[in-house]
Amino acid sequence: MSTGADAASPRGASPRGASPRRASPRGPDAQASPTWQPVDEQSYRTALRRLASGVTVVTTRHGDVDHAMTASAVTSVSLRPPLVLVCVEKVARFHGAVLATGVWGVSILSADAARVASHLAHRGRPIHGQLDGADVHRGRTGVPLLGRSLAWLECRTWAVYDGGDHSIVVGEVVEARIRGEGGGPADEGQSGTGTSTSVSPLVYVNAAYHTVRRLGDLGD
Ligand SMILES: Cc1cc2nc3c(=O)[nH]c(=O)nc-3n(C[C@H](O)[C@H](O)[C@H](O)COP(=O)(O)O)c2cc1C
């Protein structure tokens, strides 16, 4: 089987860490339930709609085109080395671009970025100039990053795994910055733990954008 992994991994067909092949679906109980079928798509969608997730815009620069796509399937993977993953739908234009470049950015959106998130999730929008009008700065790797985000990561593709109709793109984080008081990246050396910056993230749940509020002290 040819997967995006083979084409995109900087280490070819054997990325560090794991085989890009699908793990065996047969667990210890597989014999007892040999007739289980995948859930129907609507039930799957309805259940997952209740899983709240942060919202990011993932970006890369391919040739002279800035690609950007709203993504909530972004997760931290490892601290040593620092790895994150993003699941990218294979039919998305970002998919071909990120596999080709191997360098990408993640802008972690704040609650006031719902409009840009909605725009960059709109399938079929013009690919050229899609970041025109947005507050954009360029990271050290040259990828575009959305201004006034809560934090930014820049990644180098570490491995790519097949994930059904998505590719699971794992990136080694080569730069991580947080928003400073003025709305732009904090000055060098000021990033620290970032705990003093007020955080009002954009959250997607139940097919709509929200933000969060802190619950009271739970006493633990
Ligand atoms: C809140 C939200 C989160 C999304 N998360 C992802 C994601 O993690 N991965 C993905 O491939 N598409 C995701 N999408 C869909 C893409 O943003 C959408 O298909 C986009 O138009 C793809 O752009 P492109 O074809 O220019 O790459 C998400 C959409 C929304 C509204």
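Residues numbered from 1 in each chain as written. Predicted model: local features only at pLDDT ≥ 70, side-chain atom pairs only at ≥ 80, totals over all residues.

Another aspect to go through is the overall build of the chain. Assigned secondary structure in the chain consists of four helices and 12 strands. Counting only residues that meet the buried cut, the chain has 31% of its 220 residues in that class. (Helix = DSSP H or I, 4+ residues; strand = E, 2+ residues; numbered from the N terminus. Buried ≥ 20, exposed ≤ 12 C-beta atoms within 10 Å, placed from the backbone.)

Another point: the nonpolar core. Counting residues in hydrophobic clusters, the biggest one holds 41 residues, and the most contacted among them are Val57, Val58, Val106, Leu109, Ala117 and Val169. Looking at which element gives the most residues to this core, the answer is strand E9 (residues 151-163), with eight residues. Among residues more than four places away in sequence, those in contact with Val57 are Ala68, Met69, Thr70, Ser107, Leu109, Ala117, Leu120 and Leu146. (Core = buried A, V, L, I, M, F, W, Y, C linked by C-beta atoms within 7 Å. Contact = placed C-beta atoms within 7 Å.)

Around the ligand, 17 residues are found, and the nearest of them are Ala73, Glu89, Ala92, Phe94 and Ala121. Counting only elements with at least two residues in the shell around the ligand, the list comes to strand E3 (65-71), strand E5 (83-89) and helix H3 (93-101). Looking at the shell around the ligand residue by residue, the classes come out as 10 nonpolar, four polar and three charged. (Near = placed C-beta within 6 Å. Nonpolar A, V, L, I, M, F, W, Y, C, P; charged D, E, K, R; others polar.)

Turning our eyes to something else, we now look at unusual backbone geometry. What is expected of a backbone is that most residues other than glycine have negative phi and most peptide bonds are trans. Backbone torsion omega between Arg80 and Pro81 reads 0°, so that peptide bond is classified as cis. As for its placement among the helices and strands, Pro81 is situated in the loop between strand E4 (74-78) and E5. Despite not being glycine, Arg148 shows a phi value in the positive range, around 60°. Along the chain, Arg148 turns up in the loop between strand E8 (144-146) and E9. For Arg148, a count of 16 C-beta atoms within 10 Å translates into the label partly exposed.

This part covers the confidence of the model for the chain. Per-residue pLDDT for the chain has a mean of 86; in total, 78% of the residues score no lower than 70. Scored below 50 in pLDDT, residues 1-15 makes 30 contacts in the model with residues more than four places away or belonging to other chains. Of the regions scoring below 50 in pLDDT, residues 188-192 engages in four contacts with residues more than four places distant in sequence or in other chains. (pLDDT = per-residue confidence, 0-100.)

The next subject is the sheet that holds strand E1 (residues 53-54). Strand order in the open sheet formed by three strands is E1-E11-E12, with antiparallel pairing between adjacent strands. Because the sheet does not close on itself, it has two edges, and the strands there are E1 and strand E12 (208-210). Here two bridges tie E1 to strand E11 (residues 203-205), and the two strands are oriented antiparallel to one another. Paired with Ser53 across the strands is Tyr204, a residue of E11. (Pairing = 2+ DSSP bridges.)

Looking at H3, one finds that the buried residues are Phe94, Ala97, Val98 and Leu99. Gly102, located one to two residues past H3, shows a positive phi value of around 70°.

Before going further, it helps to examine the environment of Thr141. Checked against the element boundaries, Thr141 lands in the loop between strand E7 (136-138) and E8. Considering only alpha carbons, one finds Thr141 and Thr60, 81 residues apart in sequence, at a separation of 9.6 Å. Here Thr141 is in contact with Val103, Glu154, Val174 and Glu175, once residues within four sequence places are set aside.

This brings us to the environment of Gly133. Here Gly133 shows up in the loop between helix H4 (114-119) and E7. The spacing of Gly133 and Val116 is 17 residues in sequence and 9.8 Å in space, taken between C-alpha atoms.

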